[in-house]
Amino acid sequence: MTTAFPPSCASRLPPIKVLLADDQALLRSAFRVLVDSEPDMEVVGEAADGAQALELARSTRPDVVLMDIRMPGTDGLAATRAIGADPELTGVHVVMLTTFEVDEYVVESIRAGASGFLGKGAEPEELLNAIRIAAGGEALLSPAATKGLIATFLKQGDPAGPEPATNGAHAARLATLTVREREVLVHVGGGNSNDEIAELLVVSPLTVKTHVNRAMAKLGARDRAQLVVFAYESGLVRPRVE
């Protein structure tokens, strides 16, 4: 079952442009049928590898790229890094697709600039929702991927590592945040949603969203997923020993 949109709503906004990048033609065809069946989105191109994905991203300027991680030649990670590094493609959001939701590629995908991470076994509704969320500029990490991302940092990090104030690589950027923005960032790093953070801080979800957006702007983060990475790499959120 897909989300139905009133005709007036669908005609008021241009459709979300989606680029499909996967080396399996059958899977691309299935994604195309699913995406094109929605009144608020359309497929603007298909790529069989990362090099083609980058070329098509530059020529079609999609809102969202559904990018397979493992592809022959230029893989999805390399293509995502290239998209993220191109100032003319700042409006292009990448949702990484993989057979395994929780693996060594989670952190690498987000560092490469992906806005989301979804398993290929996701339900059609989840995939369509991921496209809409990414197109809106928000990050999309499934609960499993979020836990995997945080767990990777907990496993790799040093509990006795530097405090934020002594972490030279990130201290200047952290200093631009207000006390409240840092507090919100800590909760974002813990995997909490805006609603959950609002409940913890006794403020409105809209207030939390404002703090999150300001933190993203100040830190140069493309989306919420990169805030999670920054929270751990900066030392603001420190690994805990279980």
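Figured I'd write up the structure that's included with this text. (Residues numbered from 1 in each chain as written. Predicted model: local features only at pLDDT ≥ 70, side-chain atom pairs only at ≥ 80, totals over all residues. Heavy atoms only, no water.)

## Notes on the overall build of the chain
- Of the regular secondary structure elements, the chain holds 12 helices and 6 strands.
- Here the contacts in the chain between residues at least 6 apart in sequence split such that 69% fall between residues at least 24 apart.
- Summed over all atoms, the accessible surface of the chain reaches about 11600 Å², with 56% contributed by carbon and sulfur. (Helix = DSSP H or I, 4+ residues; strand = E, 2+ residues; numbered from the N terminus. Contact = heavy atoms within 4.5 Å. Areas by Shrake-Rupley, 256 points an atom, 1.4 Å probe, with all protein chains shown as cover.)

## Overview of the nonpolar core
- Counting 21 residues, the largest nonpolar core has V184, L185, V188, V212 and L227 as the members making the most contacts within it.
- Put simply, the parts of the chain that give this core at least two residues each are α9 (179-189), α10 (194-201), α11 (205-219) and α12 (224-233).
- Residue contacts for L185: discarding those within four places in its chain leaves L177, L219, L227, F230, A231 and L236.
- L54, M67, M71 and A79 belong to the second largest nonpolar core, which has 20 residues in total. (Core = buried A, V, L, I, M, F, W, Y, C linked by side-chain atoms within 4.5 Å. Buried < 20%, exposed > 50% of the residue type's maximum accessible area, 1.4 Å probe, protein only.)

## Considerations on the pairing of strand β5 (residues 116-119)
- Burial along β5 is two-sided: G116 and L118 facing one way and F117 and G119 facing the other are all buried.
- Note that strand β4 (residues 93-98) and β5 share 4 bridges and pair parallel. Looking across to β5, one finds that M96 is bridged to F117. (Pairing = 2+ DSSP bridges.)

## Description of helix α4 (residues 76-85)
- Within α4, the full set of buried residues consists of G76, L77, A79, T80 and I83. The buried residues of α4 all sit within an arc of 160 degrees when viewed along its axis, so they share a single face.
- With a side-chain oxygen positioned 3.2 Å from the backbone nitrogen of L77, the residue opening α4 is D75. (Arc of directions from axis to C-beta. Polar contact = N/O pair within 3.5 Å; in protein donor to acceptor, adjacent residues only side chain to side chain.)

## With respect to unusual backbone geometry
- One non-glycine residue, R61, lies in positive phi territory at about 50 degrees.
- As for its placement among the helices and strands, R61 is situated in the loop between α3 (50-60) and β3 (64-68).
- Owing to a relative accessible area of 37%, R61 belongs among the partly exposed residues under this scheme.
- Phi is positive for V202, which is not a glycine, with a value near 55 degrees.
- The topology assignment puts V202 in the loop between α10 and α11.

## Some thoughts on the packing of α9 against α10
- Between α9 and α10, the shortest axis-to-axis distance is 10 Å and the interhelical angle comes to 125 degrees. As summarised for this structure, α9 and α10 are arranged oblique, according to the angle between their axes. When you trace α9 past α10, the crossing you get is right-handed. Here R180, E183, V184, H187 and V188 of α9 come into contact with α10, specifically with I197, L200 and L201.
- Split into classes, the residues belonging to the contact of α9 with α10 amount to 5 nonpolar, 1 polar and 2 charged. (Axes fitted to C-alpha atoms, helices over the stretch in contact; angles between N-to-C directions. Parallel < 35°, antiparallel > 145°, perpendicular 65-115°, else oblique. Left-handed = near helix turned anticlockwise from the far one by under 90°. Nonpolar A, V, L, I, M, F, W, Y, C, P; charged D, E, K, R; others polar.)

## Brief notes about the packing of helix α2 (residues 25-36) against helix α6 (residues 124-135)
- Orientation of α2 relative to α6, taken along the N-to-C sense of each, is 70 degrees, at an axis distance of 11 Å. Here α2 lies roughly perpendicular to α6, going by the angle between them. Seen from α2, the contacting residues are F31, L34 and V35; seen from α6, they are P124, L127, L128 and I131.
- The residue inventory of the contact of α2 with α6, partitioned by class, reads 7 nonpolar, no polar and no charged.

## Comments concerning α6
- The end-to-end C-alpha separation of α6 is 17 Å, in line with the 16 Å expected for 12 residues at 1.5 Å each.
- The positive-phi residue at the C-terminal boundary of α6 is G137, with phi of around 90 degrees. (Expected span 1.5 Å × (residues − 1).)

## Observations regarding the side chain of D22
- You can see D22 is positioned in the loop between β1 (16-21) and α2.
- Looking at D22, its side chain comes within polar contact range of the main-chain nitrogen of Q24, at 2.8 Å.
- Apart from the residues lying within four places of it in its own chain, the contact partners of D22 are L27, R28, A47, A48, D68, M71 and K120.

Keep in mind these values describe shape, not function.
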